[in-house]
Number of protein chains: 2
Amino acid sequence: MRRFTEAEVLALDAADPLAPLRDRFVLPQGVIYLDGNSLGPLTKAARERVTQTVEAEWGEGLIRSWNTANWIDLPATVAAKIAPLIGAAPGTVAVADSTSINLFKVLAVALEKRPHRRVILTEAGNFPTDLYIADGLARLLDRGHELRAVPANELAAAMDETVAVVLLTEVNYRSGARLDMAALTAPAHAAGALAIWDLAHSAGAFPVDLAGADADFAVGCGYKYLNGGPGAPAFAYVAPRHLDGLRQPLSGWMGHATPFAFAADYRPAGSIEAMRVGTPPILSLAALDAALGAFADVDLAVVKTKADRLFDIFTAEIAALCPKLELLTPAEPARRGTQASFRAENAYAVMQALIGRGVIGDFREPDILRFGLTPLYLRHADVLRAARILGEVLQSRAWDDPRFHARAKVV
Amino acid sequence: MRRFTEAEVLALDAADPLAPLRDRFVLPQGVIYLDGNSLGPLTKAARERVTQTVEAEWGEGLIRSWNTANWIDLPATVAAKIAPLIGAAPGTVAVADSTSINLFKVLAVALEKRPHRRVILTEAGNFPTDLYIADGLARLLDRGHELRAVPANELAAAMDETVAVVLLTEVNYRSGARLDMAALTAPAHAAGALAIWDLAHSAGAFPVDLAGADADFAVGCGYKYLNGGPGAPAFAYVAPRHLDGLRQPLSGWMGHATPFAFAADYRPAGSIEAMRVGTPPILSLAALDAALGAFADVDLAVVKTKADRLFDIFTAEIAALCPKLELLTPAEPARRGTQASFRAENAYAVMQALIGRGVIGDFREPDILRFGLTPLYLRHADVLRAARILGEVLQSRAWDDPRFHARAKVV
């Protein structure tokens, strides 16, 4: 891995086919934003769309906008934009609620399909809410389900006839390591289990192929790489073979076949829309819908290629300037998403000092510096500059200041 | 019931202590909005707040706004504003998700507290999503729970030792009839059951006294009388006696005691915040937070008194001008919320014709005209005028036009 010069990164930016996309975003002056893997930035389209939704649709249209602005179909409209980003056929993605809640739904459906098996197999170090939700459902069912967590390299071997569901996050939130979705779904199926994939750090970051990997279910997040805004609605995927008779336990009226008939009995929609529950948060959903426009005509393979180059530039410079930082993210492009994570001493304070100088990444317990490399709006020169500022922070010990050590509520 | 003259309603408006509140709202020209019980109108405060949240907090602050704009505490901030409107002590209300999802949570908690009882008692004609959610949970548990629906006047007699939970909506969405929360919670408790109240058509409409009624749990809606915007987050109430060890099955990371420690095991918040699940939709939540400012310094008893006067003006005029309409809503103020519902022939088309003339109410299956009487922004003269326009629509048979009969997706 070699370092890049200023001239080289400027030349890369000049030749970058994705460079014009940056203009679709609203980015603050003086900031290099390397946290789009946690909260994607505002797009110009979302800014305009929210104003329109508030003033024209809610303010002027009032209740009529359910029909005239087609709020009622907005979840399906958004889902249709997400589907091609994750290799999902039309009619297999629903947009609703949060990732956690969608995971509850698909896990409940999956466990019902494997009534005689009791193990939910996951990776040790999977994102905690996935574990918490599985635990919550297992306690509620009270049928002896066990959440079994093993290291990534032991997953395939652990797939036996006791396993009902394999529940995995494709890209690890701490290390950025990527699991091979196809290579892990196949043995799950061979063992008679179903596979649920959490795409929180995948959707919008690189090409995902749910259909090609033969995944059974998936969930994912609207506010990270999809740039939908803080707490944007999440999505759920159900493979075509599981759509027939689809019914999930959070059977709210918006998942009913005819919600406005106000029938006494629940009858599921008969489509992926059975994943819906209550009235969707329209303002947040409108922002997500508009933000997805930033992906129009974008080839995610090109995005991943650029992200890999950003990774090379960034990590080579850090290796040279910050030799004590330990790169946690796999070097092989196919084995990682589009973030770079480092283990560092005083990581929390280092990150605060870095943010104070305009380079925004984030900290993860216990000692991780995490940086999202998001090609829609980052330039090659940005990540070189960010690495150099990190080098200065470490060399000058700028982090060694009490104000950078006081933990904020959200890290 | 006597009719009011134009001069009388103008005098009432001139003397109305709530009249200045109308200026807090953004109301379209030429519209009399009688559907605030379905979707409350935009407030000026929400309009400004959403712009600030999008542009300054998301756009400029980016991920930092979780701390700097205190997004992380926004659900609790909003909950603290809702609590006094529903007679809830501090620390007993959480804001999260949708009404349906919150009902799932509290019903699961309640059923777990009555493990040997199998009946969920509700009112026949309760809002369908409440029934659907109870059905979904009962199916998931698969322990023989039965949803038993009886007419309102048979509820108390049906509360026996088989009943785990009494699940009621205080104000019926069709008729506007109000159940006596205290008078029905007491026999539920006497029978050893727990009481869950759905406040969808109560919160913000009149004084609710959850603590005084000794309710165990409640849920409610942010986008009706609270004016939080389309699909605004909902709320859940848990009585202080049930807070100790509170844990609900949708155990997502935001309900964890220390979400940003990313611990492997779920440990509930140890407070009402254990009702939270995933990342909240901040744009929608910010709108709700700002909208609640419209209730600052407002006495809901005064609101209900004005709503009753609006009801008298509106129904007396309709009785005189539209003798064929049958008032479904109880005449006694204590026995109703703040809507007026009528049974009408060709109700759907009548409502469309009325909306075409600027009076917005809504239709409910199979033959109901429904009107919300919301004193924060409606004038006495508005409802008199609305009644007269309805009279004209019926007298002129304006509804007898094919374009008013074509059913829209959302009614």
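It should be emphasised that the depicted structure is a prediction, and the values quoted were computed from it without experimental measurement.

The helix and strand tally for chain A stands at 13 helices and 13 strands. The C-alpha atoms of chain A give 22 Å as radius of gyration, which agrees with the globular expectation for 411 residues (22 Å, within 12%). Here the C-alpha coordinates of chain A stretch approximately 65 × 55 × 40 Å along the principal axes. Looking at chain A as a whole, 57% of its 411 residues qualify as buried.

A separate point is the relation of the copies chain B and chain A. Here chain B sits on chain A after a turn of 180 degrees about the axis and a move of 0.0 Å along it, with an RMSD of 0.0 Å. The relationship between the two copies is best expressed as a two-fold rotation axis. A shared binding surface is used by both copies, with 100% of the interface residues of chain B retained as interface residues in chain A.

In this assembly, 74 residues from chain B lie in contact with 74 residues from chain A. Going through the elements one at a time, α2 (44–61), α3 (65–68), α5 (99–113), α6 (128–141), α9 (282–291) and β12 (362–364) of chain B are the ones with two or more residues in the side of chain B that touches chain A. Of all the elements, α6(B) adds the most residues to the side of chain B that touches chain A, at 10 residues. Class assignment for the residues of the side of chain B that touches chain A results in 46 nonpolar, 17 polar and 11 charged.

Turning our attention to the nonpolar core. A general trend in soluble globular proteins is that nonpolar side chains are found buried together. The biggest cluster of nonpolar side chains holds 295 residues, and the ones touching the most others in it are Leu107(A) and Leu107(B). Dropping the residues within four chain positions of it, Leu107(A) is found in contact with Ile133(A), Ala134(A), Leu137(A), Val165(A), Leu167(A) and Ile196(A).

This part covers the domain arrangement of chain A. Residue and element names in this part refer to chain A. Domain boundaries in chain A define domain 1 (6–30 + 299–405) and domain 2 (48–295). A C-alpha centroid distance of 29 Å is found between domain 1 and domain 2. Of all the secondary-structure elements, those providing two or more residues to the side of domain 1 that touches domain 2 are α10 (300–321) and β10 (339–343). Here the side of domain 1 that touches domain 2 is built from residues that sort into 9 nonpolar, 6 polar and 5 charged.

To characterise two packed helices, one gives the angle between the axes of the helices and the distance between these axes. At a closest axis distance of 10 Å, the pairing of helix α2 (residues 44–61) of chain A and α2(B) adopts a crossing angle of 170 degrees. Here α2(A) lies roughly antiparallel to α2(B), going by the angle between them. Here Arg47(A), Val50(A), Thr51(A), Val54(A), Glu55(A) and Gly59(A) of α2(A) come into contact with α2(B), specifically with Arg47(B), Val50(B), Thr51(B), Val54(B), Glu55(B) and Gly59(B). Among the residues forming the contact of α2(A) with α2(B), the class breakdown is 4 nonpolar, 4 polar and 4 charged.

What follows covers the sheet that holds strand β12 (residues 362–364) of chain A. Residues and elements named next belong to chain A. Strand order in the open sheet made by the 4 strands is β9-β10-β13-β12, with antiparallel pairing throughout. Where the open sheet ends on each side, the last strands, each with one partner, are β9 (326–327) and β12. Each of β9, β10 and β13 (368–372) touches α10; the most contacted strand, β10, lies at about 15 degrees to it.

Turning our eyes to something else, we now look at α6(B). In this model, α6(B) (14 residues) spans 20 Å end to end at C-alpha, consistent with the 20 Å of a helix rising 1.5 Å per residue. Burial of α6(B) is extensive: 10 of the 14 residues sit out of reach of the surface. Regarding α6(B), the residues found buried are Pro128(B), Thr129(B), Asp130(B), Leu131(B), Tyr132(B), Ile133(B), Ala134(B), Gly136(B), Leu137(B) and Leu140(B). Among the structural elements, α5 (99–113) of chain A together with α5, β3 (119–123), β4 (146–150), β5 (163–169) and β6 (194–198) of chain B are those in contact with the buried residues of α6(B). Backbone geometry just downstream of α6(B) places Asp142(B) in the positive-phi region, at approximately 55 degrees.

The phi torsion of most residues other than glycine is negative, and most of the peptide bonds are trans. The peptide bond linking Glu365(A) to Pro366(A) adopts the cis configuration, its omega dihedral lying at -5 degrees. Relative to the assigned elements, Pro366(A) resides in the loop between β12 and β13. Its identity is not glycine, yet Asp297(B) carries a phi of approximately 65 degrees, on the positive side. Considering the arrangement of structural elements, one finds Asp297(B) in the loop between α9 and α10 (300–321).

Backbone-to-backbone hydrogen bonds pair the strands of a sheet. The strands run either parallel or antiparallel. Reading across the sheet, the 4 strands line up as β9-β10-β13-β12 (chain B) and stay open at both edges, with antiparallel pairing between neighbours. Only two strands of the sheet have a single neighbouring strand rather than two, namely β9 (326–327) and β12 of chain B.

We now examine α9(B). Residues three or four positions apart in an α-helix share a direction because the helix packs 3.6 residues into each turn. Along α9(B), 10 of the 10 residues are buried, which leaves the element largely enclosed by surrounding structure. Taken together, the buried positions of α9(B) are Ile282(B), Leu283(B), Ser284(B), Leu285(B), Ala286(B), Ala287(B), Leu288(B), Asp289(B), Ala290(B) and Ala291(B). Each element contacted by the buried residues of α9(B) is listed here: α2 and α9 (282–291) of chain A together with α2 and α4 (74–82) of chain B.

Quick look at the environment of Phe342(A) now. Residues and elements named next belong to chain A. When you line up the elements, Phe342 lands in strand β10. For the pair Phe342 and Leu85, spaced 257 residues apart in sequence, the C-alpha separation works out to 28 Å. If near-sequence neighbours (up to four positions away) are discounted, Phe342 is found in contact with Ile318, Leu325, Glu326, Leu327, Leu328, Ile368 and Leu369.

Counting all residues, the mean pLDDT for chain A is 97, and 100% of those residues have values of 70 or more. Overall fold confidence for the complex sits at a pTM of 0.98, while the interface term, ipTM, reaches 0.98.

Residues and elements named next belong to chain B. Axis separation between helix α11 (residues 347–356) and helix α12 (residues 380–395) bottoms out at 10 Å; the angle between their running directions is 125 degrees. With respect to each other, α11 and α12 are oriented oblique. α11 and α12 meet at a crossing whose hand is right-handed. Contacts between α11 and α12 pair Val350, Ala353 and Leu354 from the former with Ile389, Leu390, Val393 and Leu394 from the latter. Classifying every residue of the contact of α11 with α12 gives 7 nonpolar, no polar and no charged.

Turning our eyes to something else, we now look at the environment of Arg388(A). Residue and element names in this part refer to chain A. Within the secondary structure, Arg388 is located in helix α12 (residues 380–395). With 284 residues separating them along the chain, Arg388 and Phe104 place their C-alpha atoms 43 Å apart. Excluding residues that lie within four positions of it along the chain, Arg388 makes contacts with Glu317 and Leu321.

On a regular strand, one side chain projects to one face of the sheet and the next to the other, so that they alternate. Residue and element names in this part refer to chain A. Most of strand β6 (residues 194–198) sits inside the fold, with 5 of its 5 residues counted as buried. With burial as the criterion, each face of β6 is covered, one bearing Leu194, Ile196 and Asp198 and the other bearing Ala195 and Trp197. As paired elements, strand β5 (residues 163–169) and β6 share 5 bridges and run parallel to each other. Counterpart to Val165 in the pairing with β6 is Leu194. This β-α-β element, β5 to helix α7 (residues 181–190) to β6, shows right-handed connectivity.

Now for the environment of Ala94(A). All names here are of chain A. The residue Ala94 is located in strand β2 (residues 93–96) in this model. In sequence terms Ala94 and Pro323 are 229 residues apart; their C-alpha atoms lie 45 Å from each other. With residues up to four places along the chain from it excluded, the contact list for Ala94 reads Pro75, Ala79, Phe235, Ala236, Ile272, Glu273, Met275 and Arg276.

Conventions we followed
Residues numbered from 1 in each chain as written. Chains lettered and ligands numbered in written order. Predicted model: local features only at pLDDT ≥ 70, side-chain atom pairs only at ≥ 80, totals over all residues. Helix = DSSP H or I, 4+ residues; strand = E, 2+ residues; numbered from the N terminus. Rg over C-alpha atoms; globule rule 2.2 N^0.38 Å. Buried ≥ 20, exposed ≤ 12 C-beta atoms within 10 Å, placed from the backbone. Least-squares fit on C-alpha atoms with pLDDT ≥ 70 in both. Contact = placed C-beta atoms within 7 Å. Nonpolar A, V, L, I, M, F, W, Y, C, P; charged D, E, K, R; others polar. Core = buried A, V, L, I, M, F, W, Y, C linked by C-beta atoms within 7 Å. Domains from an automatic or database assignment. Axes fitted to C-alpha atoms, helices over the stretch in contact; angles between N-to-C directions. Parallel < 35°, antiparallel > 145°, perpendicular 65-115°, else oblique. Pairing = 2+ DSSP bridges. Expected span 1.5 Å × (residues − 1). pLDDT = per-residue confidence, 0-100. Left-handed = near helix turned anticlockwise from the far one by under 90°. Right-handed = clockwise from strand over helix to strand, strands pointing away.

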